[in-house]
Amino acid sequence: MEPESVSVVTSKPIYRSEISDAPCAYSLFICEQLSTAFSDLYQSKTVAKKDLVDDGDLDSVKGQLVTLLSDASAATLVYLSGTEKYMWLVGEQLKALGVTEDQMVMLPPLNTERSVFCCHCYTVTDHVVTAPATCAGCGKLLAVTDHFAKSHAAYFGYQVNAENVTEIPESVELS
């Protein structure tokens, strides 16, 4: 009898830590919380036009993006810094305004927190740093996978102890 094959789906985003010097007409820097490194990156860019949005409020950012991108050319680069969820939600707003993924540079997230999408109740639980994690919606103990859904800005989670709820796996820190 052959051992059972286990398929591991991974779609964990890969972030750029090095920034290219690709020419652009406009650089837009968006951060959830301004860090020294992001400020230094902003200061180091020598382009004809650049703007900095330092705002953790997604609704406020959306309003600013509409104004800032109203006359932006195709030669625009957008740099994103913040938590993983923040960057992906801002990225969705950017795409809705016509910015392509190739025009976005997502820097490594500021922390290892994940948002986890529960496949049982469809709730997204935020600020997850260990696995398994308890779903904020249904309370099930979720295994946290490396399968990332861009549209939810969250990782896929499923009940880790569905066959025997008394079996609770050891907690591990996420990276």
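Whatever comes next refers back to the structure up there.
Summary of the structure given here. (Residues numbered from 1 in each chain as written. Predicted model: local features only at pLDDT ≥ 70, side-chain atom pairs only at ≥ 80, totals over all residues. Heavy atoms only, no water.)

A few points about the side chain of Asp55
Put simply, the rule reads: Numbering of helices and strands starts at the N terminus; helices are DSSP runs of H or I of at least 4 residues and strands are runs of E of at least 2. Only protein chains enter the accessibility calculation, which uses a 1.4 Å probe. A residue is then buried if its area is under 20% of the maximum for its type, exposed if over 50%, and partly exposed in between. For the charge count, each Lys or Arg is scored as positive and each Asp or Glu as negative, with His and the chain ends excluded. One speaks of a salt bridge when a side-chain nitrogen belonging to Lys or Arg is within 4 Å of a carboxyl oxygen belonging to Asp or Glu. The term polar contact refers here to a pair of N or O atoms within 3.5 Å; inside protein, the definition further demands a hydrogen-donor-capable atom paired with an acceptor-capable atom, and it admits residues adjacent in sequence only when both atoms are side-chain atoms. Residue contacts are defined here by distance: any two heavy atoms, one from each residue, within 4.5 Å place the two residues in contact.
With respect to the helices and strands, the residue Asp55 is situated in the loop between β2 (49–54) and α2 (58–68). Lys62 provides the closest opposite charge to the buried, unpaired Asp55, separated from it by 14 Å. Of the polar contacts made by the side chain of Asp55, one reaches the backbone nitrogen of Asp57; its length is 2.9 Å. Among residues more than four places away in sequence, those in contact with Asp55 are Cys31, Glu32, Ser60, Val61, Gln64 and Tyr86.

Observations concerning the pairing of strand β6 (residues 124–128)
The following threshold applies: Strand pairing requires that DSSP identify at least two bridges connecting the strands.
Here 3 bridges tie strand β5 (residues 114–118) to β6, and the two strands are oriented antiparallel to one another. Bridging across to β6, Phe117 finds its partner in Val124. Counting the residues in the hairpin turn of β5 and β6 gives 5 residues, including Tyr122, whose phi is positive at 65 degrees.

Section: the nonpolar core
We apply this condition: Among buried residues, those of type Ala, Val, Leu, Ile, Met, Phe, Trp, Tyr and Cys that are joined through side-chain atoms within 4.5 Å constitute a nonpolar core.
Among the nonpolar cores identified, the biggest contains 31 residues, and Leu28, Ile30, Leu65, Leu80, Val90, Leu94 and Val144 are the most heavily contacted of them. The set of elements that each furnish at least two residues to this core consists of β1 (26–31), α2, β3 (76–81), α3 (84–96), β4 (104–106), β5 and β9 (141–149). Considering every element that reaches this core, the biggest residue donor is α3, with 5 residues. Residue contacts for Val90: discarding those within four places in its chain leaves Ile30, Leu58, Val61, Leu65 and Leu80. Cys24, Phe38, Leu41 and Leu77 belong to the second largest nonpolar core, which has 10 residues in total.

Remarks on the sheet that holds β6
With respect to topology, 5 strands assemble into an open sheet ordered β6-β5-β10-β9-β8, the strand pairing being mixed. Taken across any chain shown, the strands that pair with only one partner, and hence form the sheet edges, are β6 and β8 (133–134). Strand direction decides the pairing type here: β5 and strand β10 (residues 154–159), joined by 3 bridges, are parallel. Bridging from a neighbouring strand, Cys118 pairs with Gly157 of β10.

Brief notes about the pattern of salt bridges
Close approach of charged atoms lets side chains of opposite charge pair. Tallied over the entire structure, the rule returns 6 salt bridges. Close ionic contact of Glu92 with Lys95 constitutes a salt bridge, the shortest N to O distance being 3.2 Å. A residue pair is termed a helical-turn pair when its members lie 3 or 4 positions apart in one helix, as Glu92 and Lys95 do in helix α3 at 3 residues. For Lys95, a relative accessible area of 31% translates into the label partly exposed. Here the salt bridges do not stand alone but share partners, grouping Glu92, Lys95, Glu101 and Lys150 into one network.

Such coordinate-based values are descriptive only and should not be taken to indicate function.
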